[in-house]
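Coordinate inspection notes
Residue strings, one per chain:
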Amino acid sequence: MPILVVGSVAFDSIHTPHGSVDRCLGGAATHFSLAASFFTPVRVIGVVGEDYTAKEEAVFHARGINTRGIERVPGKCFHWTGEYRDSMSEAHTLQTDLNVFQSFQPKIPAEYRDSEFLFLANIDPALQQKVRTAMPGVKMVCGDTMNYWITGHRANLDTVLRGLDVLLINDGEARLLSGESNLLRSAERILPSGPKTVIVKHGEYGATAFFSPASFPGECRHRFFHAPALPLAEVVDPTGAGDSFAGGFLGYLASQPAVTPAAFRRAMFYGGVMGSFAVERFGTERMQSLTREEIDGRFATFRELSHLDFD
Ligand code: AMP
């Protein structure tokens, strides 16, 4: 089943304790679609400026991603500058240049209309909602957001939350969104505001799904599920880990015959697998060299990491 994703296609300037890169290919939709492309066809909606060249386009095409919905307009691409200091789990935004995003109005190509899975990547919630409204027949809608939109665009974000099956956010964002410092209480506050399920990503500590009775009506007895993260000796650049988690998660789900509780749990493990690869190099570098064999090998390691019933 193809996934439609709308979000930022960007240039990122990133500083980590391992070094710095200037204007590497990034953006939430980019990281998401590269990760998801290992599991299912992906279609992207976004906007880029004149600084987006055939070199960047080739990164998407090498993974078979449909980029017909990436509009090219005069101006410059969205540019994010961020830094990781002591904690590799927390990005400090130094600068956000919206550039071509400022006047972006998403248009959905006719060939994207039959997409059954929709990912509203981190982007202005007003734009997320536009795409959500234009795709009323989708089977599953997942969304992400960040501090920037939670604090500055709350009313629009609340509208988006009401239309989500799954909200994927990190723990800091969950606390900010709910006003609760305890994560269980955060989830309990967020769930009634719309999303059927909330997945909270804890960086190097994995991710927890909090289910509501609407997550799997009549099917799921559990309130939550935790997927681990792989202990890594070296995290080079955490940028895109969250979007790669989302890409692995939704990509795997879209590749399955049905969205069952068991498929959902496996999808969270694949999310962790893709996140763990993303952080091994700067920007999209690791995703560009990754193979399906490596993914399956790491999935087996995740099993080993968390399996209780060994002899
Ligand atoms: P994450 O997976 O959470 O690390 O997301 C990283 C990506 O989010 C980077 O590649 C940035 O280009 C993108 N990003 C950062 N700030 C924003 C924003 N305000 N709107 C949309 N995308 C953003």
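One structure accompanies this document, and this report is about it. Within any chain, residue numbers begin from 1 and follow the written order of that chain's sequence. It should be noted that, the model being predicted, local features are given only for residues of pLDDT at least 70 and side-chain atom pairs only at 80 or more, the latter also being counted only at that level, while totals for whole chains, interfaces and linings use all residues. The basis for the side-chain values is all heavy atoms of the structure; hydrogens and waters are excluded.

1. Quick notes on the sheet that holds strand β3 (residues 19–26)
Strands were regarded as paired on the criterion that DSSP finds at least two bridges between them. Under the DSSP-based scheme used, a helix requires at least four consecutive residues in state H or I and a strand at least two consecutive residues in state E, with every element numbered from the N terminus. Strands sit in the order β3-β2-β6-β7 across an open sheet of 4 strands; the sheet is mixed. Each edge of the open sheet is held by one strand with a lone partner, namely β3 and β7 (92–97). Averaged over neighbouring strand pairs, the angle between their axes works out to 15° when direction is ignored. Here strand β6 (residues 78–83) pairs with β7 via 5 bridges, running antiparallel. Residue pairing in the sheet places Gly82 in a bridge with Thr93 of β7. Here an axis means a line fitted to C-alpha atoms, over the contact stretch when the element is a helix, while the angle between two N-to-C directions is reported on a 0 to 180 degree scale.

2. Concerning the pairing of strand β9 (residues 140–144)
The side chains of a regular strand alternate between both faces of the sheet. Of all 5 residues in β9, 5 are buried, a share of seventy percent or more. Side chains of β9 alternate between two faces, with Met140, Cys142 and Asp144 and Val141 and Gly143 buried alike. Looking at chain direction, strand β8 (residues 117–120) and β9 are connected through 4 bridges and run parallel. Looking across to β9, one finds that Leu118 is bridged to Val141. Look down the strands so they point away from you; if the path from the first strand over the helix to the second goes clockwise, the crossover is right-handed. In this fold, β8 hands off to helix α3 (residues 125–134), which returns the chain to β9; that crossover is right-handed. As defined by bridge partners, β9 adjoins strand β10 (residues 166–170) across 3 bridges and the pair is classed as parallel. If you follow Gly143 over to β10, its bridge partner there is Leu167. Exposure is judged per residue with a 1.4 Å probe applied to protein chains only, and the accessible area is read against the type maximum: over 50% gives exposed, under 20% gives buried, and values in between give partly exposed.

3. Notes on the sheet that holds strand β12 (residues 207–211)
The 9 strands are arranged β5-β4-β1-β8-β9-β10-β11-β12-β13 in an open sheet whose pairing can be described as mixed. Two strands in the sheet have a free side with no partner beyond their single neighbour: β5 (66–72) and β13 (224–227). On average, adjacent strands in this sheet sit at an angle of 15° to one another, irrespective of strand direction. Bridging between strand β1 (residues 3–6) and strand β4 (residues 42–48) involves 4 bridges; their strand directions are parallel. Bridged to Val6 within β4 is Ile45. Residue contacts are defined here by distance: any two heavy atoms, one from each residue, within 4.5 Å place the two residues in contact. Those strands touched by helix α8 (residues 241–254) are β1, β8, β9, β10, β11 (197–201) and β12, and its axis lies near 170° from that of β8.

4. Here we look at the packing of α3 against helix α5 (residues 154–162)
Put simply, α3 and α5 touch, their axes get as near as 8 Å, and they point 30° apart. When the interaxial angle is binned, α3 and α5 end up roughly parallel. Judged by the sense of rotation from one axis to the other, the crossing of α3 with α5 is left-handed. Residue-level inspection shows Pro125, Ala126, Gln128 and Gln129 of α3 in contact with α5, the latter providing Asn156, Leu157, Thr159 and Val160. Class assignment of the residues belonging to the contact of α3 with α5 gives a composition of 4 nonpolar, 4 polar and no charged. Here roughly perpendicular refers to angles of 65 to 115 degrees, roughly parallel to angles under 35, roughly antiparallel to angles over 145, and oblique to all remaining angles. Crossing handedness follows the turn of the near helix against the far one: under a right angle anticlockwise gives a left-handed crossing, and clockwise gives a right-handed one. In this classification, Asp, Glu, Lys and Arg are treated as charged, Ala, Val, Leu, Ile, Met, Phe, Trp, Tyr, Cys and Pro as nonpolar, and every other residue, Gly included, as polar.

5. Digging into the packing of aromatic side chains
Pairs were defined over the aromatic rings of Phe, Tyr and Trp, the Trp ring being its six-membered one, requiring ring centres within 6.5 Å. Orientation was assigned from the angle between planes: stacked under 30 degrees, edge-to-face over 60, tilted for the rest. What the rule picks out here adds up to 16 aromatic pairs. Aromatic pair Phe101 and Phe104: ring centres 5.5 Å apart, planes at 85°, arrangement edge-to-face. Phe104 carries the same exposure label as Phe101, and that label is buried. Judged by centre distance (4.2 Å) and plane angle (15°), the rings of Tyr270 and Phe299 are stacked.

6. Looking at the pairing of β11
Of all 5 residues that make up β11, 5 are buried, and the element is covered over most of its length. Of the two faces of β11, the one carrying Thr197, Ile199 and Lys201 and the one carrying Val198 and Val200 are both buried. With 5 bridges connecting them, β10 and β11 associate as parallel partners. Note on β11: the bridge partner recorded for Leu167 is Val198. Here β11 hands over to β12 after 5 residues, with Gly203 in that stretch at a positive phi of 55°.

7. Concerning the nonpolar core
Definition of nonpolar core: a set of buried residues of the types Ala, Val, Leu, Ile, Met, Phe, Trp, Tyr and Cys, connected through side-chain atoms within 4.5 Å. By size, the foremost hydrophobic cluster in this structure holds 59 residues, and its most contacted members are Ile199, Phe249 and Phe264. The biggest single contributor to this core is helix α9 (residues 261–278), with 10 residues. Excluding residues that lie within four positions of it along the chain, Ile199 makes contacts with Val166, Leu167, Leu168, Ile169, Ala207, Thr208, Ala209, Phe245, Phe249, Phe264 and Met268.

8. Some remarks on α3
Of all the positions in α3, only Pro125, Leu127, Gln128, Val131 and Arg132 are classed as buried. Along α3, the residues classed as buried sweep out an arc of 160° about the axis, all on the same side. Of the surrounding secondary structure, the elements contacted by the buried residues of α3 are β1, β8, β9, α4 (147–152) and α5. Pairs of N or O atoms are called polar contacts if they sit within 3.5 Å, as long as, within protein, a hydrogen donor faces a hydrogen acceptor (for residues adjacent in sequence, only side-chain-to-side-chain pairs). Near the N-terminus of α3, the side chain that reaches the backbone nitrogen of Ala126, with its oxygen 2.9 Å away, is that of Asp124. This arc is built from the directions going out from the helix axis to the C-beta atoms.

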